[in-house]
Amino acid sequence: MFDAPARPVRIEIETSADAEVVEALVLAAFGPGRFAKTAERLRERAMRAVGFVVRADGRIVGSVRLWVIAINGAPALFLGPIAVDIAHRSAALGADLVAHCLDYARSKDVSGILLVGDEPYFGRFGFVPAPDARMPGPADQRRILWWGDGLPEGPVLPVR
């Protein structure tokens, strides 16, 4: 597994008061095209497990959310979107947020975390391709990655 270097980063649980700022941050990072993606459809129908934000000088500069899913009936989490303000991207805040998500998953009764992303980036945290996890819609199977027990097989479904 990945051990993040110790840095003085302030990561907090996202509150309802943060939602509008987080949405603006995600929109700035991914644009409106994100709404057409299968991952977004899954998030729309899943219950949010938790969201985390990074604050710098009192404002949110990074965010990530975890969603409740089941893969072939096994409880798991779906990570995304992860977004960092463009002015803070060189500070490794994305890595800090991912490491925080892994810590959260370790404390829960889930088999692991699934995401759609780049293996070169997420592989350093222990994510591996999940070729037999079937998303509920079109997705680039090479970008479906898994961190956790074994390799997931079967349908990925949102849990409410």
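All chains use their own residue numbering, which begins from 1 and follows the written sequence. The model is predicted, so local features are restricted to residues of pLDDT at least 70 and side-chain atom pairs to those at 80 or more, both for listing and for counting; the totals for chains, interfaces and linings are taken over all residues. To obtain the side-chain values, all non-hydrogen atoms of the structure were used and water was disregarded.

1. Considering the overall build of the chain
- Counting secondary structure elements, the chain contains 4 helices and 9 strands.
- When the helices and strands of the chain are read in sequence order from the N terminus, they spell out β-α-α-β-β-β-α-β-α-β-β-β-β.
- The reference for a compact globule is 2.2 Å times residues^0.38; the radius of gyration itself is calculated from the C-alpha atoms. Computed over C-alpha atoms, the radius of gyration of the chain comes to 15 Å, within 12% of the 15 Å expected from 2.2 N^0.38 for 160 residues, which places it in the range of a compact globule.
- By principal-axis analysis of the C-alpha atoms, the chain measures approximately 45 × 35 × 25 Å.
- Buried residues are those whose accessible area, probed at 1.4 Å on protein chains only, stays under 20% of the maximum for their type, while exposed residues exceed 50% and partly exposed ones sit between those limits. Expressed as a percentage of the 160 residues in the chain, the buried residues total 46%.
- Sequence-distant contacts, at least 24 apart, represent 62% of the contacts inside the chain between residues at least 6 apart.
- Surface accessibility of the chain: about 8200 Å² in total, with carbon and sulfur atoms responsible for 56%.
- Under the counting rule used here, the positive set is Lys and Arg, the negative set is Asp and Glu, and His together with the chain ends is not counted. The atom standing in for a charge is NZ when the residue is Lys, CZ when it is Arg, CG when it is Asp and CD when it is Glu. In the chain, 19 positive and 19 negative side-chain charges are present, and the distance between their average locations comes to 3 Å. Put simply, DSSP H or I for four residues or longer makes a helix, DSSP E for two residues or longer makes a strand, and each gets a number counted from the N terminus. Here, residues are in contact when the closest pair of their heavy atoms is within 4.5 Å. Using the Shrake-Rupley algorithm and a 1.4 Å probe, accessible areas are obtained, with residue cover drawn only from the displayed protein chains.

2. Here's the deal with helix α2 (residues 38–45)
- Buried within α2 we find T38, A39, E40, L42 and R43.
- Looking at the buried residues of α2, the elements they touch are β3 (59–71), β4 (74–84) and β9 (154–158).

3. Concerning the side chain of E14
- Within the secondary structure, E14 sits in the loop between β1 (11–13) and α1 (19–30).
- Using a relative accessible area of 8% as the deciding quantity, one classes E14 as buried.
- Within the structure, the side chain of E14 is placed 3.2 Å from the side chain of R48, a separation counted as a polar contact.
- Among all residues touching E14, those that are not within four sequence positions of it are A19, V22, R48, G51, F52, V53 and R65. Polar contact is the term for a pair of N or O atoms within 3.5 Å; when the atoms are in protein, one must be able to donate a hydrogen and the other to accept it, and sequence-neighboring residues count only if both atoms are side-chain atoms.

4. Some remarks on the nonpolar core
- Grouping buried Ala, Val, Leu, Ile, Met, Phe, Trp, Tyr and Cys residues that are joined through side-chain atoms within 4.5 Å yields what is termed a nonpolar core. Of all hydrophobic cores here, the largest spans 26 residues; its most connected members are F52, L66, L97, I113, F122 and F127.
- Broken down by secondary-structure element, the contributors of at least two residues to this core are β2 (48–56), β3, β4, α3 (93–106), β5 (112–116) and β8 (144–148).
- Sort the elements by how many residues they give to this core and α3 lands first, with 8 residues.
- Core analysis: the second largest hydrophobic core is formed by 15 residues, L42, I69, F78 and L114 among them.

5. Thoughts on the environment of L145
- Tracing the chain through its elements places L145 in strand β8.
- Assessed through its relative accessible area of 0%, L145 is described here as buried.

6. Details of the packing of aromatic side chains
- The criterion for an aromatic pair is that two Phe, Tyr or Trp rings (for Trp, the six-membered ring) have centres within 6.5 Å, with stacked assigned to planes under 30 degrees apart, edge-to-face to planes over 60 apart and tilted to the rest. Tallied over the full model, the rule gives 5 aromatic pairs.
- Residues F52 and Y104 carry aromatic rings whose centres are separated by 5.9 Å and whose planes lie at 75° to one another, so their mutual orientation is edge-to-face. Residue F52 is found in strand β2, and its partner Y104 is found in helix α3; the two are separated by 52 residues along the sequence.
- Residue classification places F52 among the buried positions, given a relative accessible area of 4%.
- Geometrically, the ring pair formed by F122 and F125 is tilted, given 6.4 Å between the ring centres and 45° between the ring planes.
- Residue classification places F122 among the buried residues on the basis of a relative accessible area of 8%.

7. Quick look at α1
- A helix is expected to span 1.5 Å multiplied by its residue count minus one. Given a rise of 1.5 Å per residue, 12 residues ought to cover 16 Å, and the 16 Å separating the end C-alpha atoms of α1 matches this to within 8%.
- The set of residues buried in α1 consists of V22, L25 and V26. The buried residues of α1 occupy an angular sector of 95° when projected down its axis, which confines them to one face. Exposed and facing more than 90 degrees away from the buried side of α1 are E20 and A28.
- The inward-facing, buried residues of α1 abut β2, β3 and β4.
- Of the residues flanking the end of α1, it is G31, one or two places downstream, whose phi is positive at about 70°. Summarising the geometry, the arc corresponds to the directions from the helix axis toward the C-beta atoms.

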